[in-house]
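Secondary and tertiary structure notes
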Amino acid sequence: MLGSQLCKETDFSSAWFIHACGKLNEGMRFHRKLWEWCYIYEALRERSMLMPFKRGLGFGVGKEPLTAAFAALGSEIVATDLDVELAKAQGWVDTNQHALSLTDLNDRGLCDPYQFQNLVTYETANMNQISESYTGQFDYTWSSCSFEHLGSIEHGKRFIVNQMKCLRPGGVAVHTTEFNLTSDEHTLEADILVIFRKRDIEAMVAELSEEGYRITVDYTAGTGPFESYVDIPPYTNPVHLRLLLGQYVSTSIGLIIEKPLA
Ligand SMILES: C[S@@+](CC[C@H](N)C(=O)[O-])C[C@H]1O[C@@H](n2cnc3c(N)ncnc32)[C@H](O)[C@@H]1O
């Protein structure tokens, strides 16, 4: 089973990765965004979450294909994102990373349209102020490439701890974000983007564990040729598992957090 991890190069040739690419209608390429989507898909699939009568809550979904892929497998989904005016102000609309309507979330046709309409709702939700109405309502939560955009490292930490309240006992949360490979001391912390250091992830893990949730993280960084290459602005290289953000090399980290049954 997948665990919380940084290392990814060998995943690209695994059966689960190829299976997830097929379900998301994505061609295989060494891109961290694709890895994040496939990682989330597989982490939930292997924990028996992607099936009828399970309820999923997606945060900051943008136009990612996961909502439709999960609905195609029978899950009831509440897909959420920032209010459109705020999203516009942050540039997510102009860069085509924000869905303007429910049907935008199935624009690849991954789910039968009738099933999609029946199973999916699209709501505005600020990840910094999670609605009490979500408490205890979901079997799983997820977000891809989103909680590094909440304003600060502290906001990201608060989101990860707070969103666990949305889960039912036995529920699973899977979230991906940016991880600083250069330094555990200094990092990028701007309104629009932060890069989490090992110490920030460790602080989250400590708080989650204290609250009784299960998470362990493998911080091993990959050393393979694709994983060692660092893409630089304007980030057009087809190999894009690591990138330079400011003076820091960053890669994606996936977090899987489980809420015990009792
Ligand atoms: C880089 S995009 C990722 C979109 C999508 N998850 C994907 O993987 O393609 C970041 C997303 O985070 C959302 N976002 C940023 N700040 C947010 C907040 N405070 N609450 C909810 N969503 C937020 C943006 O609207 C955008 O959809």
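Residues numbered from 1 in each chain as written. Predicted model: local features only at pLDDT ≥ 70, side-chain atom pairs only at ≥ 80, totals over all residues. Heavy atoms only, no water.

In the nomenclature of an unreviewed UniProt entry, the protein corresponds to Methyltransferase type 11 domain-containing protein from the organism Cohnella abietis.

Around the ligand lies a shell of 21 residues, among which Gly-60, Glu-64, Asp-81, Met-127 and Ser-144 are the nearest. Take Gly-60: an N or O atom from its main chain is 2.8 Å from a nitrogen atom of the ligand. Taking Gln-97, its main chain carries an N or O atom lying 3.4 Å from an oxygen atom of the ligand. About the coverage of the ligand: the protein hides 96% of its 590 Å² of free accessible area. In the shell around the ligand, the residues fall into 8 nonpolar, 10 polar and 3 charged. (Near = heavy atom within 4 Å. Polar contact = N/O pair within 3.5 Å; in protein donor to acceptor, adjacent residues only side chain to side chain. Areas by Shrake-Rupley, 256 points an atom, 1.4 Å probe, with all protein chains shown as cover. Nonpolar A, V, L, I, M, F, W, Y, C, P; charged D, E, K, R; others polar.)

It is worth spelling out the environment of Ala-221 at this point. Assignment of secondary structure puts Ala-221 in the loop between β7 (217-218) and α8 (225-228). A relative accessible area of 33% places Ala-221 in the partly exposed class. With 214 residues separating them in the primary sequence, Ala-221 and Cys-7 have C-alpha atoms 5.1 Å apart. Residues in contact with Ala-221, not counting those within four places in the same chain, are Leu-6, Cys-7, Leu-181 and Arg-242. (Helix = DSSP H or I, 4+ residues; strand = E, 2+ residues; numbered from the N terminus. Buried < 20%, exposed > 50% of the residue type's maximum accessible area, 1.4 Å probe, protein only. Contact = heavy atoms within 4.5 Å.)

Residue pairs three or four apart in sequence face the same way in an α-helix, which turns once every 3.6 residues. Turning to helix α1 (residues 15-24), its buried residues are Trp-16, Phe-17, Ala-20, Cys-21 and Leu-24. Looking straight down α1, one finds its buried side chains confined to an arc of 140 degrees; they lie on one side. Away from its buried face, by an angle of more than 90 degrees, α1 presents the exposed residues Ala-15, Ile-18 and Gly-22. In the core, the buried residues of α1 are packed alongside α2 (32-45) and α3 (66-72). Downstream of α1 by a residue or two, Asn-25 has a phi angle that is positive, lying close to 55 degrees. (Arc of directions from axis to C-beta.)

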